[in-house]
Amino acid sequence: MSKLFSITLSVLLLFQSFNLDMVDVAQIDDFLTHAEFHKQKYGDNLFVFISKHYGELKMQHDLEHREEKKDHEELPFNHQTCSHISTAFVMNGADFMVPKTPQVADTTSNFFYQESYCQIENSDIFQPPKTA
């Protein structure tokens with residue numbers, strides 16, 4: 001059972017690393033429809049279509065065909081995502097020996113403290129009240 005869980009989790013992490021969402025899978029139909037539109041109107045094959053929408057020709061195509069902007073927004077993989085994955089790595093049954101650090105024999109210190117204020121009780125101004 002643990003092997004099945006590990007394989008399932010590994011496959012899930014693999015697909016998440018490709019940034020595949022269910023929205024992208026649902027938009028494959030729009031991708032194919034728009035590719036067919038490009039084939040009929042411009043005579044583009046699949047590689048030119050992908051280059052115009054995801055590759056080198058994307059900027060030029062977006063500038064020349066602004067009327068297709070709504071169709072371009074519905075294509076898959078045209079979104080930005082931020083995915084955070086928190087993982088835990090646990091090793092069972094491992095006995096790690098951490099070497100002890102040797103004790104420092106030298107206890108001399110280079111610390112020197114000098115008072116930074118003056119003795120104000122020696123001053124004539126600050127004297128306690130005197131009883132009569």
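Model, not experiment: these values are computed from the prediction.

Peer 1: What is the right way to look at the side chain of His61 in this model?
Peer 2: Positionally, His61 belongs in helix 5 (residues 58–64). Reaching out from His61, the side chain makes a polar contact with the side chain of His53 at a distance of 3.5 Å. Ignoring anything within four residues of it in the chain, the contact list for His61 reads His38, Lys52, His53, Glu68 and His72.

Peer 1: Would you take a moment to explain the packing of aromatic side chains for this structure?
Peer 2: For the structure on display, the rule yields three aromatic pairs. Judged by centre distance (5.2 Å) and plane angle (65°), the ring pair of Phe31 and Phe49 falls under edge-to-face. Placement of Phe31 in helix 3 (residues 28–42) and of Phe49 in helix 4 (residues 46–54) is noted, with a sequence separation of 18 residues between them. The interplanar angle of 35° and the centroid separation of 6.3 Å between the aromatic rings of Phe31 and Tyr54 together place this pair among those described as tilted. Of this pair, Phe31 sits in helix 3 while Tyr54 sits in helix 4, and the two are 23 residues apart along the sequence. Judged by relative accessible area, Phe31 falls into the buried class, the value being 14%. Grouped by ring-pair contacts, the aromatic residues Phe31, Phe49 and Tyr54 constitute a single cluster. The ring of Tyr42 carries the charged tip of Lys52 above its face, separated from the ring centre by 5.1 Å.

Peer 1: Please clarify how the packing of helix 3 against helix 4 should be interpreted in this entry.
Peer 2: Each pair of packed helices gets described by two things: the angle between the helix axes and the distance between those axes. Taken N-terminus to C-terminus, the directions of helix 3 and helix 4 make an angle of 110°; their axes are 10 Å apart at the nearest point. The pairing of helix 3 with helix 4 is recorded here as roughly perpendicular in orientation. Crossing handedness for the pair helix 3 and helix 4: right-handed. Residue-level inspection shows Phe31, His34, Ala35, His38 and Tyr42 of helix 3 in contact with helix 4, the latter providing Leu46, Phe49, Ile50, Lys52, His53 and Tyr54. Looking at the contact of helix 3 with helix 4 residue by residue, the classes come out as seven nonpolar, three polar and one charged.

Peer 1: In this structure, what is going on with helix 3? I would like to understand it.
Peer 2: Residues spaced three or four apart along an α-helix face the same direction, because each turn holds 3.6 residues. Over its 15 residues, helix 3 runs 20 Å from end to end, which matches the ideal 21 Å to within 8%, given 1.5 Å per residue. Close packing links the buried residues of helix 3 with helix 4, helix 5 and helix 6 (69–73). Immediately downstream of helix 3, the backbone of Gly43 shows phi near 75°, a positive value.

Peer 1: Could you clarify how one ought to interpret helix 1 (residues 2–17) in this entry?
Peer 2: For helix 1, which comprises 16 residues, the first-to-last C-alpha distance of 22 Å matches the rise-based estimate of 22 Å (1.5 Å per residue) to within 8%. Following helix 1 by one or two positions, Asn19 adopts a phi angle in the positive range, close to 60°.

Peer 1: What is the right way to read the pattern of salt bridges from this model?
Peer 2: Oppositely charged side chains are able to pair whenever their charged atoms sit close together. For the coordinates displayed, the defined rule picks out two salt bridges. Note that Glu74 and Lys70 form a salt bridge whose closest N and O atoms lie 4.0 Å from each other. Classification of Lys70 as exposed rests on a relative accessible area of 60%.

Peer 1: What's the story with a nonpolar patch on the surface in this structure? I'm lost.
Peer 2: The grouping of Ile7, Val11, Leu14, Phe15, Phe18, Leu20, Ile28, Leu32 and Phe77 at the surface amounts to a nonpolar patch, some 840 Å² of accessible area in total. When residues of the nonpolar patch are assigned to their parent elements, the largest contribution, four residues, is made by helix 1.

What counts and what doesn't
Residues numbered from 1 in each chain as written. Predicted model: local features only at pLDDT ≥ 70, side-chain atom pairs only at ≥ 80, totals over all residues. Heavy atoms only, no water. Helix = DSSP H or I, 4+ residues; strand = E, 2+ residues; numbered from the N terminus. Polar contact = N/O pair within 3.5 Å; in protein donor to acceptor, adjacent residues only side chain to side chain. Contact = heavy atoms within 4.5 Å. Phe/Tyr/Trp six-rings, centres within 6.5 Å; stacked < 30°, edge-to-face > 60°. Buried < 20%, exposed > 50% of the residue type's maximum accessible area, 1.4 Å probe, protein only. Lys NZ or Arg CZ within 6 Å of the ring centre and 35° of its normal. Axes fitted to C-alpha atoms, helices over the stretch in contact; angles between N-to-C directions. Parallel < 35°, antiparallel > 145°, perpendicular 65-115°, else oblique. Left-handed = near helix turned anticlockwise from the far one by under 90°. Nonpolar A, V, L, I, M, F, W, Y, C, P; charged D, E, K, R; others polar. Expected span 1.5 Å × (residues − 1). Salt bridge = Lys/Arg side-chain N within 4 Å of Asp/Glu carboxyl O. Patch = residues over 30% accessible without salt bridge, like charges linked within 9 Å, V, L, I, M, F, W, Y side chains within 5 Å. Areas by Shrake-Rupley, 256 points an atom, 1.4 Å probe, with all protein chains shown as cover.

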